[in-house]
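An overview of the molecular structure
Single-letter residue listing:
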Amino acid sequence: AYAYTVAAYDAAENVSAQSNQASATTQAITSSPPSSVTTIFQGDSTQGFNDVELSGSDYIVTEANTSNTDNRLLRISSNGVMSVIATYPGQLRGLTMSGSDFIVTGYNPNQGNVLLRITSSGATSTIASNISSGGALTDVAILGSDYIVTDPANSRLLRVTPSGSFSTFATS
């Protein structure tokens, strides 16, 4: 069972008091794992994949290399053909889609934790930089016109506005 509390934010960023504690229980997995898995693409030992999204019949993947420099956003077709959408001078981690653009969490030594917009043609712009401290932002989701990013090192979710400001959205 999981226990949690919730606080709500309005458009003016006013926050409510924490709710009473609630709990939830997840159901046990009763199905069997697949009998076979097909690998459509495999990187080499210096690369790893952080996140994946489906875009049409293609997979969009954030790739990390062991030096954490010049990481790539990749498009991998259903038959395993890889193409590079963009290269970034830092780490790329969490990924979600916003129309035909990709919203990606990352890290750059000059900007700290960042939230990026990468177009399907590879143009990269920074939505916000120097977000949080003490650990990696690992995932991103869209909430209205804002973005919610995970900050597991600080046990919280952050709300990032399109103008780049950020605030705590929820804590555990």
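The text that follows walks through the structure, step by step, so that each part is easy to find. (Residues numbered from 1 in each chain as written. Predicted model: local features only at pLDDT ≥ 70, side-chain atom pairs only at ≥ 80, totals over all residues. Heavy atoms only, no water.)

As a further point, take the side chain of Asp51. Inspection of the secondary structure puts Asp51 in strand β3 (residues 47-55). For the buried residue Asp51, which engages in no salt bridge, the nearest side chain bearing the opposite charge is Arg93, 11 Å off. Separated by 2.9 Å, the side chain of Asp51 and the backbone nitrogen of Leu95 make a polar contact. Beyond its immediate chain neighbours, meaning those up to four positions away, Asp51 contacts Ile60, Val61, Thr62, Arg93, Gly94, Leu95 and Asp139. (Helix = DSSP H or I, 4+ residues; strand = E, 2+ residues; numbered from the N terminus. Buried < 20%, exposed > 50% of the residue type's maximum accessible area, 1.4 Å probe, protein only. Lys, Arg positive; Asp, Glu negative; His and termini not counted. Salt bridge = Lys/Arg side-chain N within 4 Å of Asp/Glu carboxyl O. Polar contact = N/O pair within 3.5 Å; in protein donor to acceptor, adjacent residues only side chain to side chain. Contact = heavy atoms within 4.5 Å.)

Right, let's get into the side chain of Ser55. Structurally, Ser55 is set in strand β3. Those residues in contact with Ser55 that lie beyond four places of it in its chain are Ile60, Arg75 and Met97.

Ordered by their spatial adjacency, 4 strands build an open sheet running β7-β8-β9-β10, and the pairing between neighbours is antiparallel. Across the chains shown, the open sheet's two edge strands, defined by having one partner strand only, are β7 (91-98) and β10 (124-128). Going across the sheet, the axis of each strand differs from the next one's by a mean of 30°, ignoring polarity. (Pairing = 2+ DSSP bridges. Axes fitted to C-alpha atoms, helices over the stretch in contact; angles between N-to-C directions.)

Further remarks concern the environment of Gly99. Topologically, Gly99 is positioned in the loop between β7 and β8 (101-108). Distance in space between the C-alpha atoms of Gly99 and Ser120 is 9.8 Å, their sequence separation being 21 residues.

With that settled, the discussion passes to the nonpolar core. Of all hydrophobic cores here, the largest spans 12 residues; its members are Ile60, Leu73, Ile85, Ala86, Tyr88, Leu92, Leu95, Phe102, Val104, Val114, Leu116 and Ile118. Those elements that provide at least two residues to this core are β6 (82-88), β7, β8 and β9 (112-118). The residues contacting Ala86, other than those within four sequence positions of it, are Asn71, Arg72, Leu73, Ile118, Gly122 and Thr124. (Core = buried A, V, L, I, M, F, W, Y, C linked by side-chain atoms within 4.5 Å.)

Our next topic: the pairing of strand β13 (residues 156-160). The pairing of strand β12 (residues 146-151) with β13 spans 5 bridges and is antiparallel. Paired with Thr150 across the bridge in β13 is Leu157. Adjacent in sequence and paired antiparallel, β12 and β13 are bridged by 4 residues, among which Ser155 carries a positive phi angle near 50°. The sheet contact formed by β13 and strand β14 (residues 166-171) spans 5 bridges and is antiparallel. Residue Arg159 lies in a different strand from β14, and its bridge partner there is Ser167.

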